[in-house]
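Single-letter residue listing:
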Amino acid sequence: MAFSLWTLFEATLLCLNAVCVLNEERFLAKVGWASWQNVQGFGEVPTMKSQMLNLIRSIRTVARVPLIFLNIIVMLMKLVLG
């Protein structure tokens, strides 16, 4: 299997799907990454952990609807082209 732009697109899509299906109560809270565990005051420098949580939350918010359509397109392409 050759490395191509399509395989890079599929790998990115799979990683975005993995981030979107992470459940905060079931998985992230068990590892100590729940949003209620990460309370900071105003003016404090955000930690790496809080920045990662914000990234996960924003990916879930922004990419949910486009991911549905992208997944449908990839599934149809796999069905048609094999």
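Computed from a predicted structure; not experimentally measured.

Looking now at the overall build of the chain. Along the backbone of the chain there are 3 helices and 0 strands. The linear arrangement of helices and strands in the chain, starting from the amino end, is α-α-α. Considering the chain as a whole, with its 82 residues, one finds that 21% of them fall into the buried category. For the chain, the share of sequence-separated contacts (at least 6 apart) that also reach a separation of at least 24 residues comes to 56%. Accessible surface computed for the chain: about 6,500 Å², of which carbon and sulfur atoms make up 73%.

Attention now goes to the UniProt feature "transmembrane region" (unreviewed entry) in the chain. According to UniProt, the "transmembrane region" (unreviewed entry) feature falls on residues 61–81. Strand forms 0% of residues 61–81 and helix 100%; the C-alpha atoms that close the span are 31 Å apart.

Turning to helix α3 (residues 48–81), a few remarks are in order. For α3, spanning 34 residues, the distance from its first C-alpha to its last is only 42 Å, which falls clearly below the expected 50 Å at 1.5 Å a residue. Along its length, α3 shows its largest kink, about 55°, at A63, and proline P66 lies within four residues downstream of that point. All of the buried residues in α3 are S50, L53, I56, I59, R60, A63, L67 and V74.

Each value, and the rule that gives it
- Residues numbered from 1 in each chain as written.
- Predicted model: local features only at pLDDT ≥ 70, side-chain atom pairs only at ≥ 80, totals over all residues.
- Heavy atoms only, no water.
- Helix = DSSP H or I, 4+ residues; strand = E, 2+ residues; numbered from the N terminus.
- Buried < 20%, exposed > 50% of the residue type's maximum accessible area, 1.4 Å probe, protein only.
- Contact = heavy atoms within 4.5 Å.
- Areas by Shrake-Rupley, 256 points an atom, 1.4 Å probe, with all protein chains shown as cover.
- UniProt positions renumbered as here; feature names shortened; annotations may be inferred.
- Expected span 1.5 Å × (residues − 1).
- Bend = angle between axes of the 7 residues up to and from the residue.

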